[in-house]
Amino acid sequence: MEKNDEMVQKELKARMRLFRAAVKNEDKKNELHDSIEGSEVLIRFEVYLPVKNPDKFVDGLFLYMNDEGKIMSAEYYLKDSEGMKVTGLIEKDFKIVKELFQDSFSLEIE
């Protein structure tokens, strides 16, 4: 496991301890909610890509758009008989995906 992955796992474990404590104690839950600095709305579009043999695998993209309709990030996924794998896109691949799909979806939030 890479150093960055280890850090993520360590922080996730710490957050989950905090979340479990908040679920069990209303004061801790309120304290947690009061300490949250903000949030952002992201809408996920799933793009099913064409495949020649869907019995073998299917793949696609998760496109995450903000409330202004801009693609903020994207992930590639592949589903096969063993499960599903999801990976983020490197910056240059993200730019291509964003350019290709930015005008393909409309988003209207009131």
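Here, every reference points to the structure presented above.
A brief report on the enclosed structure follows. Just so it is clear, the structure is predicted and the values come from calculations on it, not from any experiment. (Residues numbered from 1 in each chain as written. Predicted model: local features only at pLDDT ≥ 70, side-chain atom pairs only at ≥ 80, totals over all residues. Heavy atoms only, no water.)

## Topic: the overall build of the protein
Item 1. When its secondary structure is counted, the protein shows three helices and four strands.
Item 2. Walking the protein from its N terminus toward its C terminus, one meets helices and strands in the order α-α-β-β-β-β-α.
Item 3. Taken along its principal axes, the extent of the C-alpha atoms in the protein is 55 × 40 × 25 Å.
Item 4. When contacts within the protein are restricted to residue pairs at least 6 apart in sequence, long-range pairs at least 24 apart make up 30% of them.
Item 5. In the protein, the 18 positive side-chain charges and the 24 negative ones have mean positions that sit 7 Å from each other. (Helix = DSSP H or I, 4+ residues; strand = E, 2+ residues; numbered from the N terminus. Contact = heavy atoms within 4.5 Å. Lys, Arg positive; Asp, Glu negative; His and termini not counted. Charge placed at Lys NZ, Arg CZ, Asp CG, Glu CD.)

## Things to note about the packing of aromatic side chains
Each aromatic ring pair is specified by the distance between its two centres and by the angle formed by the two planes.
Item 1. Scanning the entire structure with this criterion turns up one aromatic pair.
Item 2. A centroid spacing of 4.7 Å and a plane angle of 25° characterise the contact between Phe-62 and Tyr-77, whose relative ring orientation is stacked. Taken as a pair, Phe-62 in strand β2 (residues 57-66) and Tyr-77 in strand β3 (residues 71-80) lie far apart in primary sequence, 15 residues in all. Considered together, Phe-62 and Tyr-77 belong to a single accessibility category, that of buried residues.
Item 3. Sitting above the plane of the Phe-62 ring, Arg-44 keeps its charged end 4.0 Å from the centroid. (Phe/Tyr/Trp six-rings, centres within 6.5 Å; stacked < 30°, edge-to-face > 60°. Buried < 20%, exposed > 50% of the residue type's maximum accessible area, 1.4 Å probe, protein only. Lys NZ or Arg CZ within 6 Å of the ring centre and 35° of its normal.)

## Section: the sheet that holds β2
Within a sheet, adjacent strands bond to each other through the backbone by hydrogen bonds, running parallel or antiparallel.
Item 1. Judged by pairing direction, the sheet is antiparallel, and its four strands sit side by side in the order β1-β2-β3-β4 without closing on themselves. Only two strands of the sheet have a single partner each, and these edge strands are β1 (42-48) and β4 (83-88). Mean inter-strand twist for the sheet, computed between neighbouring axes without regard to direction, equals 25°.
Item 2. The strands that helix α3 (residues 91-101) touches are β1, β2 and β3; relative to β3, the one it contacts most, it runs at about 100°. (Pairing = 2+ DSSP bridges. Axes fitted to C-alpha atoms, helices over the stretch in contact; angles between N-to-C directions.)

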